[in-house]
Amino acid sequence: MVRETRLNTDNLVYPLFVVPGKNIKEEIQSMPGSFHLSLDNLVKEIKEAKNLEIPAIMLFGLPKHKDEKGSQAYAKDGIIQQAVRAIKDALPDYMVITDVCLCQYTSHGHCGILKEGRLLNDSTLQTLAKIALSQVESGSDMVAPSAMMDGQVRIIRQTLDENGQGNIPIMAYSAKYASSFYGPFREAADSAPQFGDRKSYQMDPANIEEALREVELDLEEGADIVMVKPALAYLDVISRVKQEFNVPLAAYSVSGEYAMVKAAAAKGWVDEKRVALEVLTSIRRAGADIILTYFAKEAAEWLAR
Ligand code: PBG
């Protein structure tokens, strides 16, 4: 009765990985319980998520080929565009969020356009806007820019508005750290940078004031929901952002956080259910309204019992 924080299935978003092909459901080695899914199996998985009352999924795509510019990210028949159409055909009312980034689509694995090995922030913005618009035109209900390019929220907002998509909200990956907790995801999404790292555009894990500036900028540019990522090692950041801005706040409990719990549980060193629910509750306690988590389905099952 006196519990201060509640974790509900309503708070969860379930991230999924879609691949080309048919009848594919391959477990991602470093993320047991998470899969590469072809369209047919993706729709099945989303039906299950819907039955468990998980309110939304976040979609990541692995394209059939990559190039310098990441052109499959905005192709009309790109993997995400196809997937969103298939989901909307089968489940028109189910909420689909799409990640707007380039790293899965570029041959070099960076989140933007490169010139002589350097990432060009401003030249990347147009491409990000193109990706967001093509996802929304395929049926995406919300876009989540994650490239960490300065000005990405503004140009996406502007582009959506000019194309009659003013109702589509933006969930901005505002405070996204250059974190080593993304390791398993980069294997899952085949998105590791082929050289260098992401430190010129993602944030230094040692900074918190900068996170507040990033959030402030994204809100000014038109973000509807802001995000802190990762979650578990950044609970202080989540807490500060909630206190300073009091806006809808998401936290991404990333692949490495998930993998750690799974690995320890597999060894019998921690109780998976109790640890996972404790972590998710702590992220809520810190101030997150929305949690993106690979535990979404399991958590929904646990919470329903
Ligand atoms: C794309 C992106 C990443 C994640 C979500 N979107 C990887 C990265 O920045 O390298 C990571 C998610 C996770 O680890 O679960 N930029």
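Residues numbered from 1 in each chain as written. Predicted model: local features only at pLDDT ≥ 70, side-chain atom pairs only at ≥ 80, totals over all residues. Heavy atoms only, no water.

Focus: helix 9 (residues 272-286)
Each α-helix winds once per 3.6 residues, and so residues spaced three or four apart point in a common direction.
Link 1 in the chain: An ideal rise of 1.5 Å per residue puts 21 Å on 15 residues; helix 9 measures up with 21 Å between its terminal C-alpha atoms.
Link 2 in the chain: Of the positions making up helix 9, those classed as buried are A276, L277, V279, L280, S282, I283, R284 and A286.
Link 3 in the chain: Where helix 9 is buried, its residues touch helix 7 (235-245), strand 11 (249-253), strand 12 (290-293) and helix 10 (296-304).
Link 4 in the chain: Of the residues flanking the start of helix 9, the one acting as N-cap is D271, its side-chain oxygen 3.2 Å from the backbone nitrogen of K273.
Link 5 in the chain: Of the residues trailing helix 9, G287 is marked for its positive phi of about 135°. (Helix = DSSP H or I, 4+ residues; strand = E, 2+ residues; numbered from the N terminus. Expected span 1.5 Å × (residues − 1). Buried < 20%, exposed > 50% of the residue type's maximum accessible area, 1.4 Å probe, protein only. Contact = heavy atoms within 4.5 Å. Polar contact = N/O pair within 3.5 Å; in protein donor to acceptor, adjacent residues only side chain to side chain.)

Section: the environment of F185
Link 1 in the chain: Tracing the chain through its elements places F185 in helix 5 (residues 183-188).
Link 2 in the chain: A sequence separation of 90 residues divides F185 from V275, and the C-alpha atoms of the two residues are 21 Å apart.
Link 3 in the chain: Dropping the residues within four chain positions of it, F185 is found in contact with F17, M31, F60, D190, S191, S255 and Y294.

Here's the deal with the side chain of S138
Link 1 in the chain: Residue position: S138 is located in helix 3 (residues 121-138).
Link 2 in the chain: Among the polar contacts listed, one links the side chain of S138 to the backbone oxygen of S134, at a separation of 2.8 Å.
Link 3 in the chain: Aside from chain neighbours lying at most four places away, what touches S138 is Q81, V84 and R85.

Structural notes on the site of the ligand
Link 1 in the chain: Among the 17 residues in the neighbourhood of the ligand, the closest are listed as K176, R186, K229, S255 and Y294.
Link 2 in the chain: K229 is positioned with one of its side-chain polar atoms (N or O) 3.3 Å from a nitrogen atom of the ligand.
Link 3 in the chain: S255 is positioned such that a nitrogen or oxygen atom in its side chain is 2.7 Å from an oxygen atom of the ligand.
Link 4 in the chain: A total of 400 Å² of accessible area belongs to the ligand in isolation, and the protein chains cover 100% of it.
Link 5 in the chain: Looking at side-chain class alone, the shell around the ligand contains 9 nonpolar, 3 polar and 5 charged residues. (Near = heavy atom within 4 Å. Areas by Shrake-Rupley, 256 points an atom, 1.4 Å probe, with all protein chains shown as cover. Nonpolar A, V, L, I, M, F, W, Y, C, P; charged D, E, K, R; others polar.)

What to know about helix 8 (residues 255-266)
Link 1 in the chain: Here helix 8 spans 16 Å end to end across 12 residues, near enough to the 16 Å set by a 1.5 Å rise per residue.
Link 2 in the chain: Here helix 8 lies mainly inside the structure; 9 of its 12 residues are buried.
Link 3 in the chain: Of the residues making up helix 8, those classed as buried are S255, G256, E257, Y258, A259, V261, K262, A264 and A265.
Link 4 in the chain: Looking at the buried side of helix 8, the elements it contacts are helix 5, strand 11, helix 9 and helix 10.
Link 5 in the chain: Following helix 8 by one or two positions, G268 has its phi on the positive side, about 80°.

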